[in-house]
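Structural characterization, general
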Amino acid sequence: MTADRHQGCAQPSRAEPKRSFRDLLVAEIPNLRAFGASLSGSMHLADDLVQDTLLKAWGHSSSFTEGSNIRAWLFTILRNTYYSLYRKRGREVQDTDGIYSNRVAVPADQDSAVDLADLRKALAKLPEEQREVLIMVGATGLSYEEAAVVCGVAIGTVKSRVNRGRARLAELLGIHPADDPGDIGTIIRTSRQDRPVARGP
Amino acid sequence: MNMNGQHDLSGTDAAGDEKPKTGRQIMPTLDQKVQDAIGRSLKAHYDDLVNAPVPDRLLALLAELEAKEGERDS
């Protein structure tokens, strides 16, 4: 790893604007890869996508407003790059390279109700417009407003896509609180089991 | 940061400028537990990818860009 040896990172310094810009970019690489992989369905493609994104970001650094959300700015570049250049490639290789083929598909924590592999299969079935906003709003920390700017649509559109995407995921994953309490409804279950049973005379 | 279903997802303002193409007019609001489960799963999916080791070539690329610019500026 060519780890940085800069004293502080992510703090914009006026004396060395470019250096800190590099730090900002380095700090966002993991998120760019995760977002790129979520879009393209391939970690391999995501790395090419991130490389293009970093090159463009560097060349257009003047269009980044200091103090604004660099993640949203970079996501916009990455997303545009993906839709203009990568989308077809992504579809072609999606299942062979496998986004996740060399990542172990286990739930990241025991609270996670759904197996990662199942979730990823379901995510791949969603329309792109729903998948991208679900990821942005649900996992990357972007607000609805920021996601709307990244996609170039109205905020209400983002909300409706998130809602529909979420409902579709629930459907694909078979999550229904009413008829499948064992999956996510541990609270319901324990409250019943723990009820003291009146015994004996 | 507000995530994991902290947003207002109460279907009421979900109409936006995009009309559902299917026959359903109103999006049913998902049960909160279902929303949370999906939120946690999305987060687990994403965090798993975020935690994957970053290839050296991406870091090297930025170092190279910076070095080139340093040469040009001096």
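Below you will find a few notes about this structure. Because the structure is a prediction, the values reported are computed rather than measured.

Scoring rules and cut-offs
Residues numbered from 1 in each chain as written. Chains lettered and ligands numbered in written order. Predicted model: local features only at pLDDT ≥ 70, side-chain atom pairs only at ≥ 80, totals over all residues. Heavy atoms only, no water. Helix = DSSP H or I, 4+ residues; strand = E, 2+ residues; numbered from the N terminus. Contact = heavy atoms within 4.5 Å. Axes fitted to C-alpha atoms, helices over the stretch in contact; angles between N-to-C directions. Parallel < 35°, antiparallel > 145°, perpendicular 65-115°, else oblique. Nonpolar A, V, L, I, M, F, W, Y, C, P; charged D, E, K, R; others polar. Buried < 20%, exposed > 50% of the residue type's maximum accessible area, 1.4 Å probe, protein only. Arc of directions from axis to C-beta. Polar contact = N/O pair within 3.5 Å; in protein donor to acceptor, adjacent residues only side chain to side chain. Core = buried A, V, L, I, M, F, W, Y, C linked by side-chain atoms within 4.5 Å.

The subject of this paragraph is the side chain of Arg79 of chain A. Position of Arg79 of chain A among the secondary structure elements: in helix H3 (residues 70-97). When neighbours within four sequence positions are excluded, Arg79 of chain A is seen to be in contact with Phe35, Leu39, Glu132, Val150 and Cys151 of chain A.

In this section: the packing of helix H7 (residues 155-173) of chain A against helix H1 (residues 32-50) of chain B. It is the contact of H7 of chain A with H1 of chain B, at a shortest axis distance of 10 Å, that shows an interaxial angle of 90°. When the axes of H7 of chain A and H1 of chain B are compared, the pair comes out roughly perpendicular. In contact with Arg166, Leu169 and Ala170 of chain A of H7 of chain A, H1 of chain B contributes Val34, Gln35, Ile38 and Leu42 of chain B. Across the contact of H7 of chain A with H1 of chain B, the residue classes break down as five nonpolar, one polar and one charged.

The next thing to look at is helix H4 (residues 116-125) of chain A. Among all positions in H4 of chain A, only Leu116, Leu119, Arg120, Ala122 and Leu123 of chain A are buried. Buried residues of H4 of chain A, viewed axially, fall in a sector of 165°; they line one side. In H4 of chain A, the exposed positions angled more than 90 degrees off the buried face are occupied by Lys121 and Lys125 of chain A. Here the buried face of H4 of chain A lies against helix H5 (128-139) and H7 of chain A together with H1 of chain B. The N-cap residue of H4 of chain A is Asp115 of chain A: its side-chain oxygen and the backbone nitrogen of Ala117 of chain A are 2.9 Å apart.

Moving on: the nonpolar core. Counting residues in hydrophobic clusters, the biggest one holds 66 residues, and the most contacted among them are Leu25, Leu54 and Leu169 of chain A. Those residues in contact with Leu54 of chain A, other than ones at most four positions away along the chain, are Leu25, Ile29 and Leu32 of chain A together with Leu58, Leu61 and Leu62 of chain B.

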